[in-house]
Amino acid sequence: MRVSTSGIKSESIRNNQCEIAIAPKAVRGTIFFLTEDPGTTIDPVKSYQYYDDGILVLNDDGHILDVGYATEMHSKYQLAAHTVLNYSGKFIFPGFIDTHTHYPQSEIIAAFGEQLTHWLDKYIYPTEAHFADKSYASSASRFFLNELLDNGTTTALVFGTVHKTSVNALFEEAEKLNMRIIGGKIMMDRNAPHYLLDTPETTYIESQALIETWHNKGRIQYAVTPRFAITSSPEQLAVAAKLFHAYNGVYLQTHISENLSEVMHAKQLFPASKNYLSIYDDFGLVGPRAIFAHGVHLTDEEFSLLAKKKATISFCPTSNLFLGSGLFDFRKAQQENCHLGLGTDIGAGTSFSMFQTLNEAYKIVQLHKAYTDTPQNEITLTPFKAFYLATLGAARALYLGDKLGSLQPGKEGDFIVLDLEAIPLLKFRLQKTQSLADRLFALMMLADDRTVEAFYLMGKRWQKVDRPRF
Ligand SMILES: [Zn+2]
């Protein structure tokens, strides 16, 4: 088989932030990706593919055609040298998937000294008020998407604000990049400042309009987005369920059991429901494509119901530590075989980097073991499991496992190139690693956005130019 060179393009589509530099036919480097859930054993041999000198071959439409050792790919496709972009010595990974974040909160990240409720009142609600303004929202969207990409995250599940225009702005910017973004307008009709409230009627009309405009337009998908049970009336949760079930493939994203006083408040507001998760379940909001952020204080019964209903938990380690919310029970989620992803939860989370999110996730699992008398050899967050959760595990949790999360043929060509020598300490540490597991663990502890040399969306490399700043 001979591959044409028509994939080579040099376009100059500009959107004030990025420029398409090149759409290569193939990329060469050290290629690693998970193909199965590795479980929690330290060296799960059959769950990944690793090519120390590999080539990833791309279709003209940006999907992955093939992957394998460089010698094999060269002879199979007779690749001309100028069609292969050479990243020898660099790592090629699938792009990371962030299953919970808030783009309007980027500008208020690292706000001092509060726990959840006071943090929302003091910092978040006043900030979100600005997003009624389209140009403000567009500028913030560009900043946010650039931060994701700089950190190697190519897909995210994103909260807007209560304003419809905030979501239009985000989707317009994501569409320019051909980036797979899932997002939605916050629904919030009580227990928040009056200037941020909608009603069941307006939230229905505005969410419906956004779904009909954007859902499945290119790579954009919509998520019905009640902020959490505390800020939605029963009537509004009923509207959320109506929308969630009316449109094929639409998601549901919300928060659950992040903070103990939040849990108590939610139960007071819905006394007829058995527990926090039951509030959502009673309205028909728990099921496939429903993503619940945090779940720090879930009961065993709630974990079981989430697993049974095939809903997803987004584990947000930097956020849970920053707001002092608590330690997520990763072991319980594993035992129940819950669908699980990782979230940065910007702006309570403190980093856009999935490496740093994995770093804090590992420490939370370690701490949880210490505080619950778990035997030391019991479930921990291994490096293979960690990178699974950040890629293929998240894709599967979002029911996008056929499109994203690995570099297998037929998947969308979203991947990143990592320069392991970009950080002196990481480079120094890697000299002493003995195995792939060692190297991956050093990466999840020490890497950050400096490691991400390039990122590709549907096979096209995007190059950073002047990034707009506030
Ligand atoms: Zn959140």
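Since this is a predicted model, take the numbers as computed values, not measurements.

(A) Here's a closer look at the overall build of the protein. Within the protein one finds 16 helices and 17 strands. Taken over the C-alpha trace, the protein has a radius of gyration of 22 Å; the compact-globule value for 470 residues is 23 Å, and the two agree within 12%. Expressed along its principal axes, the backbone C-alpha trace of the protein runs to roughly 65 × 55 × 40 Å. Out of the 470 residues in the protein, the part that is buried amounts to 62%.

(B) The arrangement of the pattern of salt bridges in detail. All told, the structure shown has 24 salt bridges when counted by the stated rule. Two residues, D281 and K309, come together in a salt bridge whose shortest N-O distance is 3.1 Å. Linking D281 in helix α8 (residues 276–282) with K309 in the loop between α9 (300–308) and β13 (312–315), this pair joins segments that are 28 residues apart in sequence. It is possible to trace a salt-bridge network through shared partners that takes in R180, R219, E412 and D414.

(C) Seen up close, the pairing of strand β2 (residues 26–34). Burial of β2 is extensive: 8 of the 9 residues sit out of reach of the surface. Sheet analysis places β2 next to strand β3 (residues 48–58), joined by 8 bridges and oriented antiparallel. For R28, the partnering residue across the bridge sits in β3 and is I55. With 5 bridges joining them, β2 and strand β5 (residues 84–94) adopt parallel strand pairing. Residue pairing for β5: R28 is matched across the bridge by N86.

(D) Examining the domain arrangement of the protein more closely. Domain assignment breaks the protein into domain 1 (18–95 + 405–464) and domain 2 (96–372). Each of domain 1 and domain 2 has a C-alpha centre, and these two points are 29 Å apart. For the domain 1 and domain 2 pair, buried surface summed over both sides reaches about 2000 Å², with 63% attributable to carbon and sulfur atoms. Our count for the domain 1 to domain 2 interface comes out at 3 salt bridges. Ionic pairing is found between R180 and E412, a salt bridge with its closest N-O pair at 2.7 Å. Applying the counting criterion to the domain 1 and domain 2 interface returns 5 residue pairs in polar contact (both at pLDDT 80 or more).

(E) Inspection of the coordination of the zinc ion at higher detail. Around the zinc ion, the protein contributes the donor atoms H100 (NE2), H102 (NE2), H255 (NE2) and D345 (OD), which lie 2.0 to 2.4 Å from the metal centre. Coordination at the zinc ion is irregular: its 4 donor atoms span angles of 86 to 169° at the metal. Mapping the donors of the zinc ion onto the primary sequence yields the spacing H-x1-H-x152-H-x89-D. Of this pair, H102 sits in strand β6 (residues 96–102) while H255 is found in strand β11 (residues 251–256), placing the two residues 153 residues apart along the sequence.

(F) View of the nonpolar core. In terms of nonpolar packing, the biggest core is built from 121 residues, with F93, I181, F292 and F387 touching the most fellow members. Looking at which domains feed residues into this core, each of domain 1 (18–95 + 405–464) and domain 2 (96–372) supplies at least three. Excluding its chain neighbours within four sequence positions, the residues that come into contact with F292 are L252, T254, I256, L277, Y280, L285, V286, L306, A311, T312, I313 and S314. Membership of the second largest hydrophobic core comes to 15 residues, among which are Y51, L58, V67 and Y87.

(G) A look at helix α16 (residues 436–446). Turning to α16, its buried residues number three or more, namely L436, A437, L440, A442, L443, M444 and M445. Lining the buried residues of α16 we find β2, β3, β5, α12 (354–371), α13 (383–390) and α15 (424–430).

(H) Summary view of the packing of aromatic side chains. Taken as a whole and assessed by the stated rule, the structure comprises 25 aromatic pairs. Taken together through their ring pairs, the aromatic side chains of F32, Y48, Y50, F91, F93, F96, F355, F384 and F387 make up a single cluster. Taking the ring centre of W214 as reference, the NZ or CZ of K217 above it sits at 4.7 Å.

(I) Representation of the environment of F144. Topologically, F144 is positioned in helix α3 (residues 134–150). The exposure class of F144 is buried, given its relative accessible area of 0%. Expressed as a C-alpha distance, the spacing of F144 and L306, which sit 162 residues apart in the sequence, is 30 Å. When residues no more than four places from it in sequence are discounted, the contact partners of F144 are T101, H102, Y103, S106, V158, L170 and F352.

Cut-offs applied
Residues numbered from 1 in each chain as written. Predicted model: local features only at pLDDT ≥ 70, side-chain atom pairs only at ≥ 80, totals over all residues. Heavy atoms only, no water. Helix = DSSP H or I, 4+ residues; strand = E, 2+ residues; numbered from the N terminus. Rg over C-alpha atoms; globule rule 2.2 N^0.38 Å. Buried < 20%, exposed > 50% of the residue type's maximum accessible area, 1.4 Å probe, protein only. Salt bridge = Lys/Arg side-chain N within 4 Å of Asp/Glu carboxyl O. Pairing = 2+ DSSP bridges. Domains from an automatic or database assignment. Buried area = accessible area lost by both parts, 1.4 Å probe. Polar contact = N/O pair within 3.5 Å; in protein donor to acceptor, adjacent residues only side chain to side chain. Donors = N, O, S within 2.8 Å, 3.2 Å for Na, K, Ca; no water. Tetrahedral: all angles 85-135°; square planar, octahedral: opposite > 155°, others 65-115°. Core = buried A, V, L, I, M, F, W, Y, C linked by side-chain atoms within 4.5 Å. Contact = heavy atoms within 4.5 Å. Phe/Tyr/Trp six-rings, centres within 6.5 Å; stacked < 30°, edge-to-face > 60°. Lys NZ or Arg CZ within 6 Å of the ring centre and 35° of its normal.

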